[in-house]
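What follows is each chain in one-letter form.
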Amino acid sequence: TSLDKQYKAVVSTQSTGATMANRELDDIELSVETPLLYSAPLSKVANRPVYLKLENTQPSGSFKLRGIGLNCKTAVKNGATHLVCSSGGNAGMATAYSANRLGVKATVFTMDGLPQPVLKKFNDLGCDIYIGGPVWDVCDATAKKYMEKMKGEGKSCYYIHPFDSSILWDGHSALIFEAYRQLEKEGYEEPGAVVTCVGGGGLLAGIVHGMRHHWNHVPVVAMETYGAESFNKAVNAGELVKLDKITSHAKTLGALQVCQEALDLSKERKIISKLTDDKTAVECCRLFLRDHQFLVEPACGATLSAIYSGKISEYLGESSPGTSPIIVIVCGGATVDIETLDSLSELLDVDTSLDKQYPIERMVL
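Definitions and cut-offs
- Residues numbered from 1 in each chain as written.
- Predicted model: local features only at pLDDT ≥ 70, side-chain atom pairs only at ≥ 80, totals over all residues.
- Heavy atoms only, no water.
- Helix = DSSP H or I, 4+ residues; strand = E, 2+ residues; numbered from the N terminus.
- Rg over C-alpha atoms; globule rule 2.2 N^0.38 Å.
- Buried < 20%, exposed > 50% of the residue type's maximum accessible area, 1.4 Å probe, protein only.
- Contact = heavy atoms within 4.5 Å.
- Areas by Shrake-Rupley, 256 points an atom, 1.4 Å probe, with all protein chains shown as cover.
- Pairing = 2+ DSSP bridges.
- Axes fitted to C-alpha atoms, helices over the stretch in contact; angles between N-to-C directions.
- Polar contact = N/O pair within 3.5 Å; in protein donor to acceptor, adjacent residues only side chain to side chain.
- pLDDT = per-residue confidence, 0-100.
- Phe/Tyr/Trp six-rings, centres within 6.5 Å; stacked < 30°, edge-to-face > 60°.

The helix and strand inventory of the protein chain stands at 13 helices and 10 strands. Taking 365 residues into account, the globule formula puts the C-alpha radius of gyration at 21 Å, and the protein chain, at 20 Å, falls close to it. Taken across its 365 residues, the protein chain has 57% of its residues classed as buried. Residue pairs at least 24 apart in sequence account for 75% of intrachain contacts in the protein chain once pairs closer than 6 positions are excluded. Surface summary for the protein chain: the accessible area is close to 16,300 Å², and the carbon and sulfur share equals 48%.

With parallel pairing, the 4 strands of this open sheet are ordered in space as β5-β4-β3-β6. The strands lining the two open edges of the sheet, one partner per strand, are β5 (128-133) and β6 (158-160). In this sheet, neighbouring strand axes are inclined to one another by 25 degrees on average, regardless of whether the strands run parallel or antiparallel. Two strands pair when backbone bridges link them, and strand β4 (residues 105-111) and β5 are joined in this way by 5 bridges, in the parallel orientation. Considered in β5, the bridge of Met111 is made with Gly133. Across the sheet, helix α5 (residues 136-152) is in contact with β3 (82-87), β4, β5 and β6; its angle to β3 comes to roughly 160 degrees.

Right, let's talk about the side chain of Lys53 for a bit. In this fold, Lys53 is placed in strand β2 (residues 50-54). In contact with Lys53, other than residues within four places in its own chain, are Thr34, Pro35, Leu36, Arg66, Leu175, Glu178, Ala179, Gln182, Ile327, Val328, Ile329 and Val330.

This paragraph deals with the environment of Lys73. Structurally, the position occupied by Lys73 is in helix α2 (residues 64-77). With 48 residues separating them in the primary sequence, Lys73 and Leu25 have C-alpha atoms 7.4 Å apart. At 3.3 Å, the side chain of Lys73 and the backbone oxygen of Leu25 are in polar contact.

Turning next to the sheet that holds strand β8 (residues 220-225). The 6 strands lie next to each other as β1-β2-β10-β7-β8-β9, forming an open sheet whose pairing is mixed. With one partner strand each, in any of the chains shown, β1 (36-38) and β9 (271-276) form the two edges of the open sheet. Each neighbouring strand pair of the sheet contributes to a mean axis angle of 25 degrees, computed without reference to strand direction. Where β8 meets β9, 6 bridges bridge the pair, whose relative direction is parallel. Counted as the bridge partner of Met223 is Lys274 from β9.

Further remarks concern the side chain of Glu55. Residue placement: Glu55 occurs in the loop between β2 and α2. When its relative accessible area of 0% is taken as the criterion, Glu55 is described as buried. Here Thr34 takes part through its side chain, which lies 2.6 Å from a polar atom of the side chain of Glu55. With residues near it in sequence (within four places) discarded, Glu55 still touches Thr34, Gly61, Ser62, Phe63, Arg66, Leu175, Ile329, Val330 and Cys331.

Let us look at the confidence of the model for the protein chain. In the predicted model, the protein chain carries a mean pLDDT of 90, and the fraction of residues at 70 or more is 92%. Taken together, the stretch residues 11-19 has pLDDT below 50 and engages in 25 contacts with residues farther than four places along the chain or on a different chain.

Turning next to unusual backbone geometry. A positive phi is found at Asn47, a non-glycine position, where the angle reads about 60 degrees. Note on placement: Asn47 falls in the loop between α1 (40-46) and β2. Classification of Asn47 by relative accessible area gives exposed; the value is 57%.

Per the stated rule, a full pass over the model turns up 7 aromatic pairs. With 5.7 Å between their ring centres and 25 degrees between their planes, Phe109 and Tyr130 make a pair best called stacked. On the criterion of sequence distance, the pair formed by Phe109 in strand β4 and Tyr130 in strand β5 is long-range, its members being 21 residues apart. Among the residues examined, Phe109 registers a relative accessible area of 5% and is labelled buried.

Here we come to the environment of Ala94. Tracing the backbone shows Ala94 in helix α3 (residues 90-102). According to the relative accessible area criterion, Ala94 is buried, its value standing at 0%. As a C-alpha pair, Ala94 and Pro162 span 68 residues in sequence and 9.4 Å in three-dimensional space. What Ala94 contacts, discounting residues up to four positions off in sequence, is Ser60, Lys64, Leu65 and Ile68.

Here you go:
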C-alpha cells in the first residue's frame, strides 16, 4: 500500500509550467465553476433541502484557488516571476498550481506533518516547499524573512497572503455568484443559510462580499473547532483575539488570529459563529466519504457537522426546520489522505463503523 516514493519535506525543483512566451495570460483559466449538488443524505438529516457547493473539485483541491489564482495572475501580469506563500496546505497548493500554469516559480512555507501524497502534489507542480514552523503564524514569519533574504540578494519575490487580502476576497466571492445562478435553476430564489468554516477568515470574507450582491439578508453559519476558534473568540470579545496556540487537529483552520475583515463583517450582518470538536469533525469527514465518496479534511468536517449533527435549525433559531434550502460550502481536501483520516480516527477514538446495516429483501417471482 506504500505506492509512492518518499518525498522530503524540502523539495527544490524548477517549475514545469508552460511559459507565457506564446500565450496570453488572459486565456488561462485557473479556477473553475464548481457544481452545486443536491444531497439526499444531508437533506434527510436536516429535514430540508441541502445543496453542496463542491469547492473541493477545484484543480488545486480547494476554494483557495479562486482568490489566490486571481492574486497570482494579477501579480504575473504586473511582472512577478517568483511567488512566495505561507500556508497550512491549501493556500500553498493553490499558489503552486497557479505558478505552474503561469510558468513562474513558487516557494511555499508550510507546517510540519503534511502527508506524503500532499508532498508529492507539490513535487509534481514543480514547487519549492519548506517547513516553516509548527503553526501558520510561524510559517508566515519564516516566509517574510525569506523574502527579505531574497531582496538582500537583489532578487524580487511577490508575497501571496493565504487569507488577508482584498483581491482574495474578490476571487472567493465568485462562488456566491455561481451558487446564485445554480440555485435559481433548482427553483429557489434564495437559501435559508450558507454554511462555511473559518480559519483565517478569507473564505468567510469572500462569501459575505458576494452576498452583498445576492442574498444580503441570508444568515451565514461559520463553523470552527475548539482549539482553533480565533473568530469565535473575536466575535464574543468584539475585538481581535490572538490564541496562545492551536490545539485542534483541524490544522487548516489554525490561524492564531482571524483577519480584521472577518470581524468587521460580523458586525455588519448576521454571521452565526458555532463550534464543534475535533472528534465530531473527523466523524463528519467519514460520513461524507460514505455518503458522497469525497475525501475532505477536518476543517471541512467542521462545516459538515452543522448538518450531520442535526443542529442547523437550532443554530438558525428555528423552532422547526424551514423549507428553504441550506447551501454548504465544501471547502476542500487537498491536504488529507485516507491514512491521515484513519490515524485521526484512531487518535480521537472515532467509531469507524458508522453505518447501521440496511436490510434488503430478496424478491422471488
